[in-house]
Amino acid sequence: MKVLVIGGAGYIGSHVVKELMAKGHSVTVFDNLSSGLKQNLFKENGSIKGDILNKKDLDKAFSKKFDAFVHLAAFKAAGESMIKPEKYSVNNITGTLNILNSAVEHDCKYMVFSSSAAVFGEPEYLPIDENHPKKPENYYGFTKLKIEEFMAWYDKLKGLKFAALRYFNAAGYDPEGVLYGLEQNPANLLPIIMEVACGMREKMKIFGNDYDTRDGTCIRDYVHVTDLASAHVKALEYITSKNESLTVNLGSETGTSVTEMVDAARKITGHAIPADYVERRPGDPATLVASAKLAEEKLNWKAQYSDINTLIDSTYKAYKKFLKK
Ligand code: UFG
């Protein structure tokens, strides 16, 4: 298939591109390189420097006629979205509406979308399945939920078929070591641990150790980016072959606490990784763990690289490789 990957120079996008290429699809990347990296582009692919806020850029891209597109272009810092909702409204909502309009105008009606576990908010039960109530706790999660609703309307009204993939905590790097472009100013746990392990920061903070969990720190479902990438390709094949939309959770179904992650990183990197326990970070639920049964049932997908060792080891290797250059 001829696939346009919007946000394909980013962290998750580049892994999706690699997987699409491996499965024989022809890929063109559309990215404004604001957070995406040139080094994440593959020279075998076409790439378009364009902005989702500029409808003309999108029209030009979609006029090249694609069978389907993947949309991963978004801001994703939940904490920041509570302080700067405008930024998230414009980029995530307006940008996506531009994409939806341009796509249907150019008759490109299969879409794979990066949604998030942030659509659920504080869990009412665990593990979280697709039917769990959706009450986002941050504005970022709200934008993802609204986009899911826009896609459902465009399905009804315009025949758009979409896959909404609700990622839990994306982590890890390409185990083959081809992709190692680091995110700029990361706020997520594993990159912060790695910055300490690689001497880029002296120590880290663990936000809260008084949660109702086995060791008092928050539990998350970390899912390897290569597993996420394979789910995108399977989802694309599903919606195009069945001509049917799909919304699924993507997680490893395993909970890892912050302390467990830091301890495992200490063992793997051999670095002491000094960490201070500090106040809770507002908006952090104690535990988030996915049920990924539906993804298994519909897509024959199961996380394969999402064990804690592979997550840490692949990330550590990417950091070392990147910093050596
Ligand atoms: N944490 C620390 N110290 C840090 C960074 C994080 O203790 O320096 C803790 C957090 O408090 C949290 C856990 O590590 O308990 C994971 O935090 P992240 O910031 O890595 O991830 P979040 O769970 O907050 O959110 C991530 C994505 C969201 C997505 C969500 C879905 O960033 O976009 O997973 O589960 F919506």
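Remember, predicted model here, so these are calculated numbers, not experimental data.

Asks: Is there a simple way to explain the nonpolar core in this structure?
Replies: Side chains of a nonpolar character, in soluble globular proteins, are inclined to be buried together. Judged by nonpolar contacts, the single largest core of 63 residues is most densely connected at Leu 20, Ile 193, Met 204 and Leu 250. Element by element, the count of residues in this core is highest for helix α7 (residues 225-242), at 9 residues. Counting contributing residues per domain, this core is built from domain 1 (2-171 + 223-250) and domain 2 (189-220 + 253-323), each supplying no fewer than three. Apart from residues lying up to four places away in sequence, Leu 250 is in contact with Leu 165, Arg 166, Tyr 167, Phe 168, Val 223, Leu 228, Ala 231, Ala 295 and Trp 301. If you look at the next biggest cluster of nonpolar residues, it comprises 23 residues, including Val 104, Met 111, Ile 147 and Tyr 154.

Asks: Could you clarify how one ought to interpret the packing of helix α6 (residues 189-197) against helix α10 (residues 308-324) in this entry?
Replies: The axes of two packed helices give the description: the angle between them and the distance between them. Contact pair α6 / α10: the axes reach a minimum separation of 10 Å and the direction vectors enclose 55°. Classed by the angle they form, the pair α6 and α10 counts as oblique. Relative to α10, the crossing made by α6 is right-handed. When α6 is examined against α10, the residues Leu 190, Pro 191, Met 194, Glu 195 and Ala 197 are found in contact with a partner set consisting of Leu 311, Ile 312, Thr 315, Tyr 316 and Tyr 319.

Asks: So what exactly am I meant to see when it comes to the packing of helix α2 (residues 55-62) against helix α4 (residues 85-105) here?
Replies: Direction vectors running N to C along α2 and α4 enclose 35°, while the axes themselves pass 9 Å from each other. Judged by the twist between their axes, the crossing of α2 over α4 is right-handed. The residues of α4 that touch α2, namely those facing Lys 55, Leu 58, Asp 59 and Phe 62, are Asn 98, Ile 99, Asn 101, Ser 102, Ala 103 and Glu 105. Residue classes in the contact of α2 with α4 are distributed as 4 nonpolar, 3 polar and 3 charged.

Asks: I would appreciate a short explanation of α10 in the present structure.
Replies: Residues three or four positions apart in an α-helix share a direction because the helix packs 3.6 residues into each turn. Counted at 1.5 Å a residue, the expected span for α10 with its 17 residues is 24 Å, and the 24 Å between its end C-alpha atoms agrees. Within the span of α10, buried status applies to Leu 311, Ile 312, Ser 314, Thr 315, Tyr 316, Ala 318 and Tyr 319. On its buried side, α10 packs onto β7 (169-171), α6, β10 (222-224) and α8 (258-269).

Asks: Looking at this model, I keep getting lost on the confidence of the model for the chain. Mind explaining?
Replies: Detailed reading of the predicted coordinates is not advisable wherever pLDDT is low. For the chain, the average pLDDT comes to 97, and 100% of its residues sit at 70 or higher. When pLDDT is averaged over each element of the chain, strand β6 (residues 161-167) comes out on top at 99 and helix α3 (residues 78-83) at the bottom at 91.

Asks: Sorry, what's going on with the environment of Ile 83 here?
Replies: Along the chain, Ile 83 falls in helix α3. Classification of Ile 83 by relative accessible area gives exposed; the value is 67%. Separated by 45 residues in sequence, Ile 83 and Ile 128 place their C-alpha atoms 27 Å apart.

Asks: So what exactly am I meant to see when it comes to the site of the ligand here?
Replies: Around the ligand, the surrounding shell holds 21 residues, and the nearest of these are Ser 116, Asn 169, Lys 205, Arg 281 and Asp 284. Arg 281 is positioned such that a nitrogen or oxygen atom in its side chain is 2.7 Å from an oxygen atom of the ligand. Relative to its free-state accessible area of 690 Å², the ligand is covered by the protein chains to the extent of 90%. Contributions of two or more residues to the shell around the ligand are made by α6 and β8 (204-207). Ranked by residues supplied to the shell around the ligand, first place goes to β8 with 3 residues.

What counts and what doesn't
- Residues numbered from 1 in each chain as written.
- Predicted model: local features only at pLDDT ≥ 70, side-chain atom pairs only at ≥ 80, totals over all residues.
- Heavy atoms only, no water.
- Core = buried A, V, L, I, M, F, W, Y, C linked by side-chain atoms within 4.5 Å.
- Buried < 20%, exposed > 50% of the residue type's maximum accessible area, 1.4 Å probe, protein only.
- Helix = DSSP H or I, 4+ residues; strand = E, 2+ residues; numbered from the N terminus.
- Domains from an automatic or database assignment.
- Contact = heavy atoms within 4.5 Å.
- Axes fitted to C-alpha atoms, helices over the stretch in contact; angles between N-to-C directions.
- Parallel < 35°, antiparallel > 145°, perpendicular 65-115°, else oblique.
- Left-handed = near helix turned anticlockwise from the far one by under 90°.
- Nonpolar A, V, L, I, M, F, W, Y, C, P; charged D, E, K, R; others polar.
- Expected span 1.5 Å × (residues − 1).
- pLDDT = per-residue confidence, 0-100.
- Near = heavy atom within 4 Å.
- Polar contact = N/O pair within 3.5 Å; in protein donor to acceptor, adjacent residues only side chain to side chain.
- Areas by Shrake-Rupley, 256 points an atom, 1.4 Å probe, with all protein chains shown as cover.

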